[in-house]
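Architecture at a glance
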Amino acid sequence: MSQSIKIKNALISVYYKDGLEPLVRLLAQQGVQLFSTGGTEQFIKDLNLPVTAVEDLTGYPSILGGRVKTLHPKVFGGILNRRGLAEDQEQIASYEIPEIDLVIVDLYPFEETLKAGGSEEDIIEKIDIGGISLIRAAAKNFNDVVILASKDDYSVLQEQLETQNGETTLEQRKAYAKKAFHTSSHYDAAIFNYFNNESPLPIFKQSITQAQTLRYGENPHQQGVFYGNLDEMFNKLNGKELSYNNLVDVDAAVALIDEFQEPTFAILKHTNACGVASRENIFDAWTTALACDPVSAFGGVLIANREIDLATATEINNLFFEVLIAPSYQPEAVELFRKKKNRVILERKEIELTKKQFKTLLNGVIEQDKDLSIEGPEQMVPVTEKKPTEQELQDLFFANKIVKHTKSNTIVFVRNNALLASGVGQTSRVDALKQAIVKAESFDFPLPGAVMASDAFFPFPDCVQIAAEAGITAVLQPGGSIKDADSINMANEMGISMLTTGVRHFKH
């Protein structure tokens, strides 16, 4: 098996030319013969460096509108021949095939064209054939060939060639091959997922090219990694790196706040809301949300859907919190928050989020559509003699948004577009209800006139009775129990209104 190999011939054919010039100049300086195609060939010529057209090597022009340029034995034989195998050497000598020791190639921008909303014709034309073949061939023959499939590696190879007299080691070539196969597999996954959008095959295939190692996972003894590009979604204006638990809470906060259009503030702890309020301005929304449960708000994740001004920032600054998210901040507000270096301040960007979610489970993965349904007054069906007031309808809509994003079993109390209390993650619905009542009482929130929402139906009438006795005047639930009539009769008996949506919002 060969070890250090000196580069004598290089094939260069790239879509993006930025960052390429210094490496090309070094190769020419070290006496490497350069082969190239199309725009890359012209780029090298413009540098006044010698270059041989691939067409001159193969004896065939680029055909079919550029679809076939490098697919030829004189190219792939030069890449795939095994330097230590006599039979291979005899054949390339017989057919006058030059050994190609370095391949620098990237791929047509398939994903970029897809994201930009290109036509089907444009997208299909951006499926690379020659480039992906060159990558796989060079990577397969890493014993003898260097493959660069990313411009991020140009400067790395340049430094190696400068310090190693134009040679590369086997270890280095194998490392480049690993990166190259990552490039090719990610590219193929993107193409497959594009074709699998319609009448999808039951195949799970995901590829994410960026990763961030976290301080630890859910607990300090667990390792954690985030796969994705947070910079596409947030500008971090201050603070330490987000932890695993921070990211889980931030995800829950973003999902919740996106339910609201009016100025709204939400405070979350362990993915559950402990304060939510909508008001005419973000200052009032903050003070009302905080009043819901100032104890649980300590160390929480805060999110707003309006700009944070200095007045609001001054009030927020009195609370210890982990993360604050908003679409924008007044400069004076950012300056104030930066006085405490560890607090994470995120400015959210506009980005389209995936409509799917998945997680590992047992010996596989489960995937589902995100719960993007939310039922407003138009979808709420009154089922009792008493009908809700207009304000109760608004509050039930508000409560339904919160209950959808709270761990099951859950009960939510709301009055005047503000969360009063909730019972979360309980093993029985009646326990969730009792927890919410105790929570409201602990902060002296009177429940008469408040409304209640449940994430799932009532299997028994006890919840309705207990809620009514506590002062709840209107109840929202999906319905669907074989004993719905018992709960409806209890609501009628207690003189409160009940509405059903027909849509359950479990969250596990």
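Structure shown above.
Here is a short report on the structure shown in this document. (Residues numbered from 1 in each chain as written. Predicted model: local features only at pLDDT ≥ 70, side-chain atom pairs only at ≥ 80, totals over all residues. Heavy atoms only, no water.)

Check the secondary structure of the protein and you find 18 helices and 23 strands. Taken against the 2.2 N^0.38 rule, which gives 23 Å for 508 residues, the C-alpha radius of gyration of the protein at 31 Å runs more than 25% over that of a compact globule. Taking the principal axes of its C-alpha atoms as reference, the protein extends roughly 95 × 55 × 40 Å. Looking at the protein alone, contacts between residues at least 24 apart form 57% of all its contacts between residues at least 6 apart. Between the averaged position of the 49 positive side-chain charges in the protein and that of its 68 negative side-chain charges there is a distance of 4 Å. (Helix = DSSP H or I, 4+ residues; strand = E, 2+ residues; numbered from the N terminus. Rg over C-alpha atoms; globule rule 2.2 N^0.38 Å. Contact = heavy atoms within 4.5 Å. Lys, Arg positive; Asp, Glu negative; His and termini not counted. Charge placed at Lys NZ, Arg CZ, Asp CG, Glu CD.)

This paragraph deals with the sheet that holds strand 3 (residues 33-36). With respect to topology, five strands assemble into an open sheet ordered 4-3-2-5-6, the strand pairing being parallel. Each edge of the open sheet is held by one strand with a lone partner, namely strand 4 (52-53) and strand 6 (146-148). (Pairing = 2+ DSSP bridges.)

If you trace the backbone, Ala177 turns up in helix 10 (residues 170-195). Looking at Ala177, the relative accessible area reads 3%, which means it is buried. Along the chain, Ala177 and Glu385 lie 208 residues apart, while their C-alpha atoms are 72 Å from each other. Sequence-distant contacts of Ala177, defined by excluding residues within four places in its chain, comprise Ala139, Phe142 and Ile147. (Buried < 20%, exposed > 50% of the residue type's maximum accessible area, 1.4 Å probe, protein only.)

For the pair helix 1 (residues 21-29) and helix 9 (residues 154-163), interaxial distance at closest approach is 9 Å and the crossing angle is 25°. Judged on the interaxial angle alone, helix 9 and helix 1 are roughly parallel. The crossing of helix 1 and helix 9 is left-handed. Across the interface between the two elements, Pro22, Leu23, Leu26 and Leu27 from helix 1 touch Tyr154, Leu157, Gln158, Leu161 and Glu162 from helix 9. Class assignment for the residues of the contact of helix 1 with helix 9 results in seven nonpolar, one polar and one charged. (Axes fitted to C-alpha atoms, helices over the stretch in contact; angles between N-to-C directions. Parallel < 35°, antiparallel > 145°, perpendicular 65-115°, else oblique. Left-handed = near helix turned anticlockwise from the far one by under 90°. Nonpolar A, V, L, I, M, F, W, Y, C, P; charged D, E, K, R; others polar.)

Another aspect to go through is the pattern of salt bridges. Summed over the entire model, instances satisfying the criterion amount to 17 salt bridges. Measuring nitrogen to oxygen at the nearest pair gives 3.9 Å for the salt bridge that ties Glu241 to Lys236. What makes Glu241 partly exposed here is its relative accessible area of 43%. By relative accessible area, which is 38% here, Lys236 ends up partly exposed. (Salt bridge = Lys/Arg side-chain N within 4 Å of Asp/Glu carboxyl O.)

Attention shifts here to the packing of aromatic side chains. Under the counting rule described, the total for this entry stands at 11 aromatic pairs. A centroid spacing of 6.1 Å and a plane angle of 90° characterise the contact between Phe321 and Phe337, whose relative ring orientation is edge-to-face. Of this pair, Phe321 sits in strand 14 (residues 321-326) while Phe337 sits in helix 14 (residues 331-337), placing them 16 residues apart in sequence. Judged by relative accessible area, Phe321 falls into the buried class, the value being 1%. By relative accessible area, Phe337 is classed as buried at 0%. Taken together, the ring pairs connect Phe110, Tyr187, Tyr194 and Phe195 into an aromatic cluster. Over the ring of Phe192 we find Lys205; its NZ or CZ atom is 5.4 Å from the centre of that ring. One residue, Lys401, lies across the ring of Phe397, its end atom 4.3 Å from the ring centre. (Phe/Tyr/Trp six-rings, centres within 6.5 Å; stacked < 30°, edge-to-face > 60°. Lys NZ or Arg CZ within 6 Å of the ring centre and 35° of its normal.)

Among the five residues in strand 20 (residues 419-423), five count as buried, and that is most of the element. Sheet topology places strand 19 (residues 411-414) next to strand 20; four bridges connect them, and they run antiparallel. Residue Val414 lies in a different strand from strand 20, and its bridge partner there is Leu419. Taking the residues that link successive antiparallel strands as the turn, the strand 19-strand 20 hairpin has four residues, and the phi of Asn416 there is positive, at about 55°.

Moving on, we get to the packing of helix 4 (residues 73-80) against helix 8 (residues 130-140). One way to put it is that helix 4 packs onto helix 8 with a least axis distance of 8 Å and a crossing angle of 25°. Judged by the angle between their axes, helix 4 and helix 8 are roughly parallel. Touching Val75, Phe76, Ile79 and Leu80 of helix 4 are Gly130, Ser133, Leu134, Ala137, Ala138 and Lys140, all from helix 8. Across the contact of helix 4 with helix 8, the residue classes break down as seven nonpolar, two polar and one charged.

With that settled, consider helix 16 (residues 429-442). Its 14 residues place the ends of helix 16 20 Å apart at the C-alpha level, agreeing with the 20 Å of an ideal helix rising 1.5 Å per residue. Taken as a whole, helix 16 has its buried residues at Arg429, Val430, Ala432, Leu433, Ala436, Ile437 and Ala440. Seen along its axis, helix 16 keeps its buried residues to an arc of 160°; they face one direction. Opposite the packed face of helix 16, turned more than 90 degrees from it, sit the exposed residues Val438 and Glu441. Against strand 19, strand 20, strand 21 (451-454) and helix 17 (462-470) lie the buried residues of helix 16. Looking one or two places after helix 16, you find Asp444, whose phi comes out positive at around 60°. (Expected span 1.5 Å × (residues − 1). Arc of directions from axis to C-beta.)

We now examine the nonpolar core. Of all hydrophobic cores here, the largest spans 52 residues; its most connected members are Leu27, Leu34, Ile79, Leu102, Val103, Ile104 and Ile147. Among the elements that take part in this core, helix 10 stands out by supplying seven residues, more than any other. With residues near it in sequence (within four places) discarded, Ile79 still touches Leu11, Ile100, Val103, Leu134, Ala137, Ala138, Asn141 and Val145. In terms of nonpolar packing, the next biggest core, distinct from the first, is built from 39 residues, Ala273, Ile325, Ile402 and Leu476 among them. (Core = buried A, V, L, I, M, F, W, Y, C linked by side-chain atoms within 4.5 Å.)

This part covers unusual backbone geometry. Cis rather than trans, the peptide bond between Ser408 and Asn409 has omega equal to -10°. Within the secondary structure, Asn409 sits in the loop between helix 15 (390-404) and strand 19. Its identity as a non-glycine residue notwithstanding, Glu96 has a phi of 55°, on the positive side. Within the secondary structure layout, Glu96 lies in the loop between helix 5 (86-94) and strand 5 (102-105). Of the residues examined, Glu96 reaches a relative accessible area of 60% and is grouped as exposed. Residue His270 is not a glycine yet carries a positive backbone phi of 55°. Tracing the sequence through the fold places His270 in the loop between strand 11 (264-269) and strand 12 (272-278).

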